[in-house]
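Per-entry structural report
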Amino acid sequence: MWERKYHLALERMERDERDFRLVEDALRKLATRLATLARGQGEDVDRWLDRVGEQLGGTVAPERVDVLLDQLSAIVAALDTRRDVAGDGVDTETVAALREDIARLQGLLADLGAPLRDMLRLVADADAGSDDGRVLDASVSAEVRAIGEQLAAATDLAELRAQVSERLTMIDRHFGEHREREEARMSAYRDRARRMRDRVEELEVQATSLQDSLRREHALALTDPLTGLPNRLAWERRMADVEGDIRAGGRACIAAFDIDHFKTINDTFGHAAGDAVLRIVGGTLAREVGEAAFVARYGGEEFVVAFPGLSTDAALARAQALCVIVEGLAFHASGRPVKVTMSGGIACFGFATESGGSVFDRADRALYAAKREGRNRCVVL
Ligand SMILES: Nc1nc2c(ncn2[C@@H]2O[C@H](COP(=O)(O)OP(=O)(O)OP(=O)(O)O)[C@@H](O)[C@H]2O)c(=O)[nH]1
């Protein structure tokens, strides 16, 4: 919308410039003055005056203004000659004054040309979208109008030239001020863009740190703080994956381990010693099964291991080996050796749609069977 509006203003100003109606008026005044003085000074002069008169009778095309001024100069030159020959022509002073007026008018045309062109270029470059553009438009239009009025009313070309030059200086100042305001506006825009960019960067940093802390929170929510092993929630999530593998035709077994007589350890050596036992047993299980299986602290002194891809026999063998390793760990508390063993219950997925919970229940029952059977052993169900 602004562009269209500015385009219209530009077209209007171009029309103003092209018309040169005001220059045309000055030209007419000069021609009338010349006709008054020169008519009757010879047929050729009268013919030229008629021709100039005809051209000035209607609207004068801008490109004709120079030609007309040349014609007027030619008439003046002819009058001068006539005076020399006949001695009764127009007097020397009048001819000189006419010559001077023509020269001034030509000078005025030249003066007007360059600033008006510059003005139009600046108008085209000015920001059509701003209110400031509208203010500039109004100021320049007012100055151009004032030039017109002064040209129309002028009788003395020297004074007219001074006034036009003053107006052009005003127009130049309007553009200068407009340019300064535009620069200030652009600098304000740049500042704002920079502030926004800084803010976006700040938000990105905040978002990243928020993501990091969420990731940390998430990891914490799935980790047992005492042993650093995955907790029961993590186990249940892993079970969902294992169930998927089973439905896809895979196989897997679960082993549930429970430290034997753990209450006695706590009661005899203290809770801190019990914690140390939990940490060491948990770490040992994780290290021994490595990447091939998944270990979690299910709760209390109970650990669970998922053995993906193992047959029941292989899982039982792995579970028994783990019990032997734990039994072999050398624990000491208050300078005394502490015997630590664990029992295991093993159960394997029996069919494709069996749930992890159901297999875990069987493993748990097998664990209690192992406890009942004397502990420090593994039972399969
Ligand atoms: N130190 C410590 N003790 C815990 C923790 N969680 C549970 N316990 C203790 O573990 C003990 C478990 O005792 P019980 O369930 O009676 O089992 P147990 O003594 O291991 O006997 P069996 O399982 O039958 O061999 C309880 O005394 C709990 O207080 C823990 O995080 N740290």
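Residues numbered from 1 in each chain as written. Predicted model: local features only at pLDDT ≥ 70, side-chain atom pairs only at ≥ 80, totals over all residues.

Bringing the nonpolar core into the picture now. Core analysis: the largest hydrophobic core is formed by 50 residues, its most contacted members being Cys253, Ile254, Ala255, Val305, Ile346 and Ala363. Broken down by element, the residue count for this core peaks at seven residues, all from strand E1 (residues 252-259). Beyond its immediate chain neighbours, meaning those up to four positions away, Cys253 contacts Phe307, Leu310, Thr312, Ala315, Ile346, Ala347 and Cys348. Leu68, Val95, Leu136 and Ile171 belong to the second-largest nonpolar core, a separate cluster that totals 29 residues. (Core = buried A, V, L, I, M, F, W, Y, C linked by C-beta atoms within 7 Å. Buried ≥ 20, exposed ≤ 12 C-beta atoms within 10 Å, placed from the backbone. Helix = DSSP H or I, 4+ residues; strand = E, 2+ residues; numbered from the N terminus. Contact = placed C-beta atoms within 7 Å.)

Residues in close proximity to the ligand total 15 residues, the closest being Asp260, Phe262, Lys263, Gly274 and Gly300. Those elements that place two or more of their residues in the shell around the ligand are E1, helix H9 (262-269) and helix H10 (271-289). Counting residues per element, the shell around the ligand draws most heavily on H10, at four residues. Its residues assigned to classes, the shell around the ligand shows four nonpolar, five polar and six charged. (Near = placed C-beta within 6 Å. Nonpolar A, V, L, I, M, F, W, Y, C, P; charged D, E, K, R; others polar.)

Within the UniProt annotation, "coiled-coil region" (unreviewed entry) is assigned to residues 179-213. Regarding residues 179-213, the helix share stands at 100% and the strand share at 0%, and the terminal C-alpha atoms are separated by 50 Å. (UniProt positions renumbered as here; feature names shortened; annotations may be inferred.)

On to unusual backbone geometry, then. Located in the positive-phi region is Ser334, a residue other than glycine, with phi close to 50°. Structurally, Ser334 can be placed in the loop between strand E4 (331-333) and strand E5 (336-338). The backbone of Arg375 shows a phi angle near 70°, a positive value even though the residue is not glycine. Looking at the element boundaries, Arg375 is found in the loop between helix H12 (356-372) and strand E7 (378-380).

With their axes 6 Å apart at the nearest point, H9 and H10 run at an angle of 135° to one another. In terms of orientation, H9 lies oblique with respect to H10. Of the residues in H10, those touching H9 at Phe262, Ile265, Asn266 and Phe269 are His271, Ala273, Gly274 and Val277. (Axes fitted to C-alpha atoms, helices over the stretch in contact; angles between N-to-C directions. Parallel < 35°, antiparallel > 145°, perpendicular 65-115°, else oblique.)

Another point: the sheet that holds strand E3 (residues 302-308). Pairing is mixed in the open sheet, where five strands are placed in the order E2-E3-E1-E6-E7. Of all strands in the sheet, those bounded by a partner on one side alone are strand E2 (294-299) and E7. With direction set aside, neighbouring strand axes in the sheet form an average angle of 20°. The pairing of E2 with E3 spans five bridges and is antiparallel. In the sheet register, Phe294 faces E3, and the bridge partner there is Ala306. On top of the sheet, helix H11 (residues 312-327) reaches E1, E3, strand E6 (342-348) and E7; it is set at about 165° to E6, its chief contact. Set on the sheet, H12 makes contact with E1, E6 and E7; between it and E6 the angle comes to about 145°. (Pairing = 2+ DSSP bridges.)

Remark: H10 packs on H11, axes separated minimally by 11 Å, with the N-to-C direction vectors making an angle of 135°. What the angle tells us is that H10 and H11 run oblique. Of the two elements, H10 crosses H11, and the hand of that crossing is right-handed. Residue-level contacts link Val281, Thr284, Leu285 and Glu288 of H10 to Leu322, Ile325 and Val326 of H11. Looking at the contact of H10 with H11 residue by residue, the classes come out as five nonpolar, one polar and one charged. (Left-handed = near helix turned anticlockwise from the far one by under 90°.)

Attention shifts here to the environment of Arg297. Position of Arg297 relative to the elements: it lies in strand E2. Contacts of Arg297, omitting those with residues within four sequence positions, involve Asp224, Thr227, Leu229, Asn231, Gly282 and Phe303.

Within E3, five of the seven residues are buried, which leaves it mostly tucked inside the rest of the structure. In this sheet, E3 lies alongside E1 in antiparallel orientation, the contact comprising seven bridges. Note on E3: the bridge partner recorded for Cys253 is Phe307. The antiparallel pairing of E2 with E3 creates a hairpin that spans two residues between the two strands, and Gly300 there sits at a positive phi of about 50°.

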